[in-house]
Amino acid sequence: MERIPIVKIGEILLVSIQTDLHDQAALGLQRDLLEKIQNTSARGVLIDISVIDIVDSFLGRVLSDTASMAGIMNATVVVVGIQPSVAITLVELGLELKRIHTALNVERGLALLQQKIGGIERVPVGAVEGPGSRPERRVNQNGR
Amino acid sequence: MPKVQAKLSEIFQKRREEILEKWVKQQTARGTGGASEEALRRECSEFINLLAGVTEAGAAEDNNPQMRAITDFLQGISKDRAKKGFSPTETAAFIFSLKEIILPMVQSAVKNEEDFTREVMPLSLLLDKLGIVTFESYVTGREEVILRQQNDMAELSTPVVKIWDGILALPLIGTLDSRRTMIVMEKLLQKIVDSASMVAILDITGVPMVDTLVANHIMKTVAATRLLGADCIITGVSPAIAQTIVHLGVDLSGVTTRSTMAEGLKLALKMTRQNLDDEREGSEKESDGIKGMKMQREHT
Amino acid sequence: MVAKRPISLPITNELDIVKARQEVRSYAQSLGFSLVDQTRVTTAVSELVRNIVKYAVKGTLDLEMTEKGARKGLRIVCRDEGPGIPDIELAMKEGYTTGKGLGYGLPGAKRLVDQFEIWSEVGKGTRVTIIKWQ
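Residues numbered from 1 in each chain as written. Chains lettered and ligands numbered in written order. Predicted model: local features only at pLDDT ≥ 70, side-chain atom pairs only at ≥ 80, totals over all residues. Heavy atoms only, no water.

Draft legend 1. Geometry of the overall build of chain A. Assigned secondary structure in chain A consists of 5 helices and 5 strands. When the elements of chain A are put in sequence order from the N terminus, they spell out β-β-α-β-α-β-α-β-α-α. The buried share among the 144 residues of chain A stands at 58%. Contacts in chain A between residues far apart in sequence, at least 24 positions, make up 75% of those at least 6 positions apart. Summed over all atoms, the accessible surface of chain A reaches about 5,900 Å², with 51% contributed by carbon and sulfur. (Helix = DSSP H or I, 4+ residues; strand = E, 2+ residues; numbered from the N terminus. Buried < 20%, exposed > 50% of the residue type's maximum accessible area, 1.4 Å probe, protein only. Contact = heavy atoms within 4.5 Å. Areas by Shrake-Rupley, 256 points an atom, 1.4 Å probe, with all protein chains shown as cover.)

Right, dumping it as structure tokens:
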């Protein structure tokens with residue numbers, strides 16, 4: 001079984017998935033990633049799934065769990081490149097992946113990670129937002 | 001298989017030209033609907049040949065090649081005639097009219113009633129069946145047109161517009177049904193990817209009513225845009241809709257709303273400007289490692 | 001549209017899940033399904049076929065093109081002779097946003113397709129039939 005390569009650059013681990021990810025490969029990736037986080041004390045992980053055109057509940061859960069596990073090890077995971085049809089299907093399946101950060105592409109994902117790792121906390125500008133809307137601070141947690 | 005329709009086969013073999021001539025003359029007399037006599041002759045000739053083929057083969061089951069050949073041919077001329085403005089009745093009548101030509105021929109060639117029925121019954125049933133094929137073709141053709149028009153209508157009524165760098169707007173107008181909302185969602189997501197937008201403003205000022213299904217679709221759209229790293233702002237929520245949503249028990253917490261599109265735009269600008277600030281700040285603080293990687297990525 | 005013959009795939013391991021997805025995607029494409037619908041039906045099949053591998057050890061996937069008037073569709077049957085689902089009603093009743101539930105992924109798969117039928121008997125097996133229209 002081929003293992004997905006994980007590239008370390010600075011404090012960030014970059015995983016660029018090039019083929020359809022089947023079950024064993026996904027679990028293998030999770031394992032390898034956590035190990036690498038431990039060995040390198042990486043603070044951020046960027047997973048690029050722009051090539052993947054099917055994400056079912058199994059893969060969705062693996063991604064979600066990986067983010068949680070990495071979080072416990074003090075590393076932030078950002079998933080980028082979710083295709084529109086994949087996004088729609090994920091939502092219809094009922095997996096909104098609320099726990100993981102997402103961004104449109106690698107560039108945005110890196111910017112987001114940089115923010116998170118750099119520890120920049122944005123203070124809301126102007127008046128406090130009313131009910132039914134999210135504070136502007138959340139803007140930064142969601143793919144920027 | 002015994003040639004039950006020996007007389008009929010013989011007629012097809014020996015008197016094919018005569019059948020063709022008589023048939024063309026009959027059709028011309030009844031009006032060709034603008035088609036040239038040549039074209040009509042070709043159609044009739046082809047049909048008679050195919051019909052002879054089916055009769056020769058003996059059985060008229062749907063799967064044998066002769067039946068398929070004649071069915072395909074009929075579907076073709078049905079579509080053709082429908083385009084030319086023939087009613088389905090006229091096209092079917094065209095098929096049935098062949099009986100008027102062939103049956104008398106068989107009658108004169110056959111000695112008694114029994115033989116006549118035996119020779120002619122299968123042919124008669126076959127032509128009836130083929131007449132119905134033309135009807136079905138017509139209906140299927142119309143259904144295709146309707147589907148296409150439905151799609152076009154849905155497309156036209158769901159514009160997604162880029163109103164600023166990184167900001168998309170969707171002014172939704174009229175009743176939202178499942179189909180439209182689905183199309184809106186797909187269009188929006190694709191546009192987010194294509195324009196690398198960060199905020200989408202869904203304006204429902206022009207939507208008179210929202211039910212659970214539509215509310216759920218909107219929630220789906222919001223969730224899906226989040227997966228693409230973008231945010232949704234819903235604007236133009238009328239008091240009536242606000243009441244409906246609460247009564248339906250739909251949970252809109254976590255969804256940003258504003259009363260008007262203008263307010264929505266204000267917020268969107270703030271969000272995107274902030275974003276650009278962050279990106280700039282982020283890149284200033286970039287470690288060399290990331291800068292190096294970024295440069296590498298530009299080369300791939 | 002490219003017509004294709006019905007096929008029947010054996011499902012016993014993970015590689016079969018991959019093969020099933022490829023075939024379903026291919027048929028959906030041949031039928032002219034939109035990209036999103038291709039993704040939906042392929043993902044639904046992925047869920048169902050994974051259930052077979054996970055719970056029943058082996059089963060089959062039957063795939064065929066079908067039509068209703070002007071509409072073309074894809075008809076898929078996933079069957080196995082595994083342990084069966086004791087409480088189908090419960091299995092179909094998952095919380096929409098939690099993604100939890102009994103773990104069969106059935107409500108999710110149902111949402112992705114147009115027609116969904118399930119038969120299951122403890123000790124006998126399970127059969128799920130789905131249809132996705134163009």
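Draft legend 2. Representation of helix 4 (residues 65–84) of chain B within the structure. All names here are of chain B. Along its 20 residues, helix 4 runs 29 Å from first to last C-alpha, staying within 8% of the 28 Å computed at 1.5 Å per residue. The secondary structure elements touched by the buried residues of helix 4 are helix 3 (37–57), helix 5 (88–109) and helix 6 (113–156). Looking one or two residues beyond helix 4, the residue adopting positive phi is Gly 85, at roughly 100°. (Expected span 1.5 Å × (residues − 1).)

Draft legend 3. Local environment of the pairing of strand 2 (residues 12–16) of chain A. Residue and element names in this part refer to chain A. With respect to burial, strand 2 is a largely interior element, 4 of its 5 residues being buried. As paired strands, strand 1 (residues 6–9) and strand 2 are joined by 4 bridges and run antiparallel to one another. Along strand 2, the bridge assignment pairs Val 7 with Leu 14. Linking strand 1 to strand 2, which pair antiparallel, is a turn of 2 residues; within it Gly 10 sits at a positive phi near 65°. Across 5 bridges, the pairing between strand 2 and strand 3 (residues 44–48) is parallel. Bridged to Ile 12 within strand 3 is Gly 44. For the crossover from strand 2 across helix 1 (residues 23–40) to strand 3, the handedness is right-handed. (Pairing = 2+ DSSP bridges. Right-handed = clockwise from strand over helix to strand, strands pointing away.)

Draft legend 4. Up close: the layout of surface pockets. By volume, the largest pocket amounts to about 980 Å³. Around the largest pocket, the lining comprises 30 residues; the ones closest to its centre are B:Arg179, B:Met182, B:Glu186, C:Asp37 and C:Arg40. Of all the elements in the fold, those that place two or more residues in the lining of the largest pocket are helix 6, helix 7 (178–195) and helix 8 (212–227) of chain B together with helix 2 (35–56), helix 4 (106–112) and strand 5 (125–133) of chain C. Ranked by residue count, the leading element in the lining of the largest pocket is helix 7 of chain B, at 6 residues. Of the residues assigned to the lining of the largest pocket, the class counts are 10 nonpolar, 7 polar and 13 charged. Roughly 560 Å³ of internal volume is contained in the second largest pocket. Forming the walls of the second largest pocket are B:Thr71, B:Gln75, B:Lys79, B:Val133, B:Glu136, B:Ser137, B:Thr140, B:Gly141, B:Glu144, C:Glu67, C:Gly69 and C:Lys72. At the level of secondary structure, the elements contributing two or more residues to the lining of the second largest pocket comprise helix 4 and helix 6 of chain B. The dominant element in the lining of the second largest pocket, judged by the number of residues it contributes, is helix 6 of chain B, at 6 residues. When grouped by side-chain class, the residues that make up the lining of the second largest pocket number 1 nonpolar, 6 polar and 5 charged. (1 Å grid on protein atoms, 1.4 Å probe; cavity = no way out; pocket = protein on both sides within 12 Å on 5 of 7 lines; lining within 4 Å. Points joined across faces, edges and corners; volume = space filled by probe spheres on them. Nonpolar A, V, L, I, M, F, W, Y, C, P; charged D, E, K, R; others polar.)

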